[in-house]
Amino acid sequence: MLSSLPSLLSSLPLLPNVSDPRSIFLDSAASVRLIGFSAARRNLNLAASAHAALLKSGLHSHLFVANSLLDAYSKCGHLGRALDLFDRMPRRDVVSWTTIISAHCLNGSAADAIGVFVDMLSEETAPPPNEFTAAAVLRACGMLTDERMGRMFHGHLVASGFAYDVFVSNSLIDMYAKAGSIVDAERLVGGLSSRDVVSWSTIISGCVLHGMFENALVLFVEMLEEGIVPNIVTMLSVIQACSLLGRPSLFTAVHTCLIKWELHHCIPVAKSLAIMYAKNGFFYEGVKVFHQFFSPNENECFDPDLIAALIHGCTQTGSLDHGKAIHGRVFKMGFLHCTIVENSVIDLYAKHGQIESAHFIFQRMEERDIVSWNTMISCLLKNDHADESLDYLSQLHAASGSELMPDFVTIISSIQACSMMSSLENGQILHGLVIKSGFNSDVFVCNALIDMYGKSGWVNSANQIFQEMDVRDLGSWNSIISIYGIHGKGASALKVFKNLRLAQTHKPNAVTFVNVISACGHSGLPLEGFECFKVMQRDYEIEPTIEHYAAVVDLFGRCGKIIEAEKFIEEMPIKPGPSIWGSLLGACVIHRNVEMAKRAAAELSVMEPDSNVWRVALSNVYASAGLWDEAAKVRAEMKREGSRKEPGWSYVVLRGMEKFKFIVGDTRHPETDRIYQVWRTIMEHITDGFVETL
């Protein structure tokens, strides 16, 4: 260990010129400078080598040398050696105690730091704490977010006279801010006779930490009004607040301020600016900042958060080509194997429907976190591959063991997949996982379960979850109303809607009224549904959207009031869209109204000339009225234009494991002959039974 010291020592500018570098360890001041250098460089080997040499020379017993070693070990992240040295020290002063308390904080052991402070107070030979000890203990309280303990220690500081020290006051502000007691932190800032940039930066950072972004900016303005010039720490918090608020007008303002104060050249500030722009959809502005301050030939320009933010910006703005370019650059520089960057790349390809590319990146990841799995599951879900998203959940469960557990996002996405597939068995398994994982008290998870059970036909189970929820948001009410509507239980939907209005905990929104009007339409309740439409405007001042008008047209149409439906369309204050005329055409199919169907189809032919949906519906109207020649003309026109109806898929799951997708006339299954033989047998039984009834 000592053999490498001469070459190291000769390169240190802080040490005196000596013929024999080993003589440094006979000079306590030079030894302290050497140990300080090792601490600054976080060089554990150098610190340990110096310690060994000091043991040999006997200088290790000097108090200030031992304190320097304590500091070096703690800053090098080796708490064990620091504690061992602390326990062996024959004499300790306030620096020794403060250093070991700080060492616990650096190591993330805040509770142990508090324990050391208690030992310091209870040990008779221990010195009284000073302002630096107080700051270290307050830091530990902040790390624990233990406001009660912080208040107790605050009382101790008042009694000991340290509370009025500016350094301690700033530490108190930091503790209260991190513990979430922003009001107390603001009160302390307001009570300071001399507020400096540290005081303001601390409270602003605390507001940002707890999501109080507007408060942070208000305090920032107050700071400027006092004539305090912000520093880098202040501006990093302000940039983050602006970014999370997502207001473009703030971006330009804060960027201008940075240029004025000449802080925009600072690398951390430039990175934060680029991230702010990229994450809020201003991709080109983010790239411009990036190119201004980072050379593409320098490895230090690779900051995972920055690269991930730029790729996220490409995702938000739909710039797939730019995202691919960044992906290629990162790959070329050899920096691809970084989880946060790979997650962003997967999300980029997923949002643009390139499932194979997303899957390619995912499969080649060296290390996956839960975000990686969630991104891939969501990718498959949003691209109509719900069955494959559940396969990924199974892989996650099999591969991770206890190291990587499904989180809130995983659960929500998986339940949504079951809902899309109406997969009751898998949904029930997930419900069990929800209860086991403790997510059954989460409102969003319960809402997803209501939707899953409802779409799987288990309305009673959906209602049971709704009734057992301790806390409901408006989404809970909307979900259960929608489920009742889907299953033609309009009276139950109206009852829930009435209870929502009586509870007065949430005001019905636009979605609520679409759901309740649709529920009335599916249950033959035109008067009640139209009354809800009027209540929406009269009692809640919600302006109807095209979805509301379409729901009312559908309401009248399903109930056979197609004359009223057409009149309603004529009196609409906004121009009817395809959904309006489509609803009317659908009603004409049910009630075989050829003339009205022609008028609706004429409107749709202008709005959606390439669509096949209205053509098929019109053909069905003609066929239902016995106008076979007209129906044939529509079908011939579709054939002439090369249009064809998209075939419908059927989906079968056996024993929750084997999955089969097929269309009419499908012959791809290996047991096709047997399947059709069974089908013909079933049809023969049905025909025989029908003949017998005649």
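Residues numbered from 1 in each chain as written. Predicted model: local features only at pLDDT ≥ 70, side-chain atom pairs only at ≥ 80, totals over all residues. Heavy atoms only, no water.

**Student:** Give a description of the overall build of the chain that names residues and reports values.
**Tutor:** Along its length, the chain carries 38 helices and two strands. The burial tally for the chain puts 45% of its 694 residues in the buried class. Intrachain contacts of the chain at a sequence separation of at least 6 include 59% that bridge at least 24 residues. Here the chain displays about 36,300 Å² of accessible surface, and carbon together with sulfur accounts for 55% of that area. (Helix = DSSP H or I, 4+ residues; strand = E, 2+ residues; numbered from the N terminus. Buried < 20%, exposed > 50% of the residue type's maximum accessible area, 1.4 Å probe, protein only. Contact = heavy atoms within 4.5 Å. Areas by Shrake-Rupley, 256 points an atom, 1.4 Å probe, with all protein chains shown as cover.)

**Student:** Mind laying out the packing of aromatic side chains, listing which residues take part and the relevant values?
**Tutor:** The final tally for this structure, using the stated rule, is 21 aromatic pairs. When the centroid spacing of 5.4 Å and the interplanar angle of 75° are considered together, the rings of F497 and F513 count as edge-to-face. In this pair, F497 sits in helix α29 (residues 490-503) while F513 sits in helix α30 (residues 510-522), placing the two residues 16 residues apart along the sequence. The same class applies to F497 and to F513, which are both buried. (Phe/Tyr/Trp six-rings, centres within 6.5 Å; stacked < 30°, edge-to-face > 60°.)

**Student:** So what about the UniProt feature "repeat: PPR" (unreviewed entry) in the chain? Which residues, and what values?
**Tutor:** Mapped onto this numbering, the UniProt entry annotates "repeat: PPR" (unreviewed entry) at residues 62-96, 196-230, 338-372 and 442-476. This span, residues 62-96, is 74% helix and 0% strand, and a straight line between its end C-alpha atoms measures 12 Å. Helix makes up 74% of residues 196-230 and strand 0%, and the two end C-alpha atoms of the span are 10 Å apart. (UniProt positions renumbered as here; feature names shortened; annotations may be inferred.)

**Student:** I'd love a proper account of the side chain of H255, names of residues and values included.
**Tutor:** Within the secondary structure, H255 sits in helix α15 (residues 248-260). Of the polar contacts made by the side chain of H255, one reaches the side chain of Y277; its length is 2.9 Å. Excluding its chain neighbours within four sequence positions, the residues that come into contact with H255 are L273, Y277 and V289. (Polar contact = N/O pair within 3.5 Å; in protein donor to acceptor, adjacent residues only side chain to side chain.)

**Student:** Which residues make up the packing of helix α24 (residues 408-421) against helix α26 (residues 443-455), and what values do they have?
**Tutor:** Where α24 contacts α26, the two axes come as close as 8 Å, and the packing angle between them is 15°. Classified by the angle their axes make, α24 and α26 are roughly parallel. α26 is crossed by α24, and the crossing has left-handed handedness. For the pair α24 and α26, contact is made by F408, I411, I412, I415, C418 and S419 and by F444, V445, A448, L449, D451, M452 and K455, respectively. Within the contact of α24 with α26, the residues separate by chemical class into 10 nonpolar, one polar and two charged. (Axes fitted to C-alpha atoms, helices over the stretch in contact; angles between N-to-C directions. Parallel < 35°, antiparallel > 145°, perpendicular 65-115°, else oblique. Left-handed = near helix turned anticlockwise from the far one by under 90°. Nonpolar A, V, L, I, M, F, W, Y, C, P; charged D, E, K, R; others polar.)

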